[in-house]
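Single-letter residue listing:
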Amino acid sequence: MTGATIAQRYAALRAEVDRVAAQAGRDPSSVRILAVTKGHPASAVHEAVAAGIADVGENYLQEARAKLAGVAARKHFIGHVQTNKAKAIVAAFDVVQSVDRVDAARVLARAAESLGKRLPVLVQLNISPVERYGVPLDAARELAEQVRAQPALRLDGVMAIGPVERSDVERAFERAREAFGLIGGETLSLGMSGDWREAVRAGSTMIRLGTALFGPRPAHR
Ligand SMILES: *Cc1c(COP(=O)(O)O)cnc(C)c1O
C-alpha cells in the first residue's frame, strides 16, 4: 500500500476489517475504525475525516490541541491522563479511553462537571507485561464501580493495548473480552495496526489504527 492515499488505505482496510469480521461470524458494522493520528500532521487528520472516518485518537494533549481544533469527528484521548491536565483534556476531547486509576476518574469528573459535560470514558486494562499503564485485571471491576459513581462520567466499556509477544495476543484479548463482559458498556477498544485481526476475532468493537492508515510515524523530535 505504499504510495496509496489515506482514502485508498482506509477503503482497503475497511474492506479487510469487514471480511475478517464476517469470517468470525460478526456483523461488520459492529467494528469501528479509530484513526490514531499521533505523529502525523493536521493534513492527515483532514484527509482521514474527508475519507469518511468518524473517530480520531491522539495520545498527547499539546499535540492534539492545534491539530484537532475544528475537526468534525469524535475525538478520543488515548494517552496517559495527567491529573494536572484533566480540564484541558476534557475541553479538547469527546471521549477519554484511558482511565486507569481512581485519581484520573476523579479529576476528569470534576473537570467535566465544571465544563457542564457528561464525559464518556473507558477503563484502560493492563493485559501486557511490558505496558506501563492500565488497571490490573483483578482491580478493573472496582475501578469501573468508582467511575460509575461519578455522575459527570459515563462508563462506556474498556480499552486495552495488546502484548508485544505475538504468542500472548489471543489469550490477552480473551481476558480483555471477559473483563468487558463483567464491566459492561458498548465499546471494547482493542487492536492496533499489528494485532487488529486477532482483536476483531476476540470481539473488539473499535480498532485503533495509526500505522496501517497513515504509514510509519515520523521519528520523535
Ligand atoms: C499509537 C497507538 C495506537 C496506534 O498504533 P499503530 O500500531 O500505529 O496502529 C493505538 N492505540 C494506542 C493507545 C496508541 O498509543
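The structure this text deals with has already been given above.
Just so we're clear, the structure is a prediction, and the values are computed from it rather than from any experiment.

Reading the values: the criteria
- Residues numbered from 1 in each chain as written.
- Predicted model: local features only at pLDDT ≥ 70, side-chain atom pairs only at ≥ 80, totals over all residues.
- Heavy atoms only, no water.
- Near = heavy atom within 4 Å.
- Polar contact = N/O pair within 3.5 Å; in protein donor to acceptor, adjacent residues only side chain to side chain.
- Areas by Shrake-Rupley, 256 points an atom, 1.4 Å probe, with all protein chains shown as cover.
- Nonpolar A, V, L, I, M, F, W, Y, C, P; charged D, E, K, R; others polar.
- Salt bridge = Lys/Arg side-chain N within 4 Å of Asp/Glu carboxyl O.
- Helix = DSSP H or I, 4+ residues; strand = E, 2+ residues; numbered from the N terminus.
- Buried < 20%, exposed > 50% of the residue type's maximum accessible area, 1.4 Å probe, protein only.
- Contact = heavy atoms within 4.5 Å.
- Pairing = 2+ DSSP bridges.
- Right-handed = clockwise from strand over helix to strand, strands pointing away.

J.: Lay out the site of the ligand with the relevant residues and their values.
T.: The full set of residues close to the ligand is Val36, Lys38, Asn59, Ile78, Ile161, Met192, Ser193, Arg208, Leu209, Gly210, Thr211 and Arg217. Between an oxygen atom of the ligand and a side-chain N or O atom of Asn59, the distance comes to 2.7 Å. Within the contact set of the ligand, an oxygen atom lies 2.6 Å away from a side-chain nitrogen or oxygen of Thr211. In the complex, the protein chains occlude 89% of the 390 Å² of accessible area that the ligand would expose alone. Residues belonging to the shell around the ligand are distributed by class as follows: five nonpolar, four polar and three charged.

J.: Please set out the pattern of salt bridges residue by residue, giving values where relevant.
T.: A complete count under the given rule lists 10 salt bridges for this structure. Each of Glu16, Arg19 and Arg197 takes part in one network of salt bridges that share partners.

J.: Provide a residue-level description of the environment of Ser189, including the pertinent values.
T.: Within the element layout of this structure, Ser189 appears in strand β8 (residues 187-190). Residue Ser189 is classed as buried on the basis of its relative accessible area of 0%. Here the alpha-carbon distance between Ser189 and Pro120, two residues 69 residues apart in the chain, equals 13 Å. Excluding residues that lie within four positions of it along the chain, Ser189 makes contacts with Gln97, Leu122, Val158, Met159, Ala160, Met206 and Arg208. Polar contacts involving the side chain of Ser189 include one to the side chain of Gln97, which spans 2.8 Å.

J.: Explain the pairing of strand β5 (residues 119-126) to me, and be specific about the residues and the numbers.
T.: Extensive coverage of β5 is indicated by the burial of eight of its eight residues. Here β5 shows no split at all, with Leu119, Val121, Val123 and Leu125 on one side and Pro120, Leu122, Gln124 and Asn126 on the other all buried. Here strand β4 (residues 95-99) runs beside β5; their pairing, made up of two bridges, is parallel. By the bridge assignment, Val99 is partnered in β5 with Val123. Considered for its hand, the β-α-β crossover made up of β4, helix α5 (residues 102-114) and β5 is right-handed. Pairing geometry for β5 and strand β7 (residues 153-161), over seven bridges, is parallel. Note on β7: the bridge partner recorded for Asn126 is Ile161. As defined by bridge partners, β5 adjoins strand β6 (residues 135-136) across two bridges and the pair is classed as parallel. Within the sheet, the bridge partner assigned to Leu125 lies in β6 and is Val135.

J.: With reference to specific residues and values, describe the side chain of Asn59.
T.: By the element assignment, Asn59 lies in the loop between β2 (55-58) and α3 (61-68). When its relative accessible area of 16% is taken as the criterion, Asn59 is described as buried. One polar contact links Asn59 to Lys38, side chain to side chain, over a distance of 3.4 Å. Contact partners of Asn59, with chain neighbours within four places excluded, come to Val36, Lys38, Phe77, Ile78, Gly79 and His80.

J.: Please give an account of the pairing of β2 that cites residues and values.
T.: Within a regular strand, the side chains alternate between the two sheet faces. Residues Asp55 and Gly57 point to one face of β2 and Val56 and Glu58 to the other, with burial holding for every one of them. Both strand β1 (residues 32-36) and β2 contribute to a ladder of three bridges, which runs parallel. Residue Leu34 lies in a different strand from β2, and its bridge partner there is Asp55. A crossover links β1 with its parallel partner β2, the connecting element being helix α2 (residues 42-50), and its sense is right-handed. Here β2 runs beside strand β3 (residues 74-77); their pairing, made up of four bridges, is parallel. By the bridge assignment for β3, Gly57 is matched with His76.

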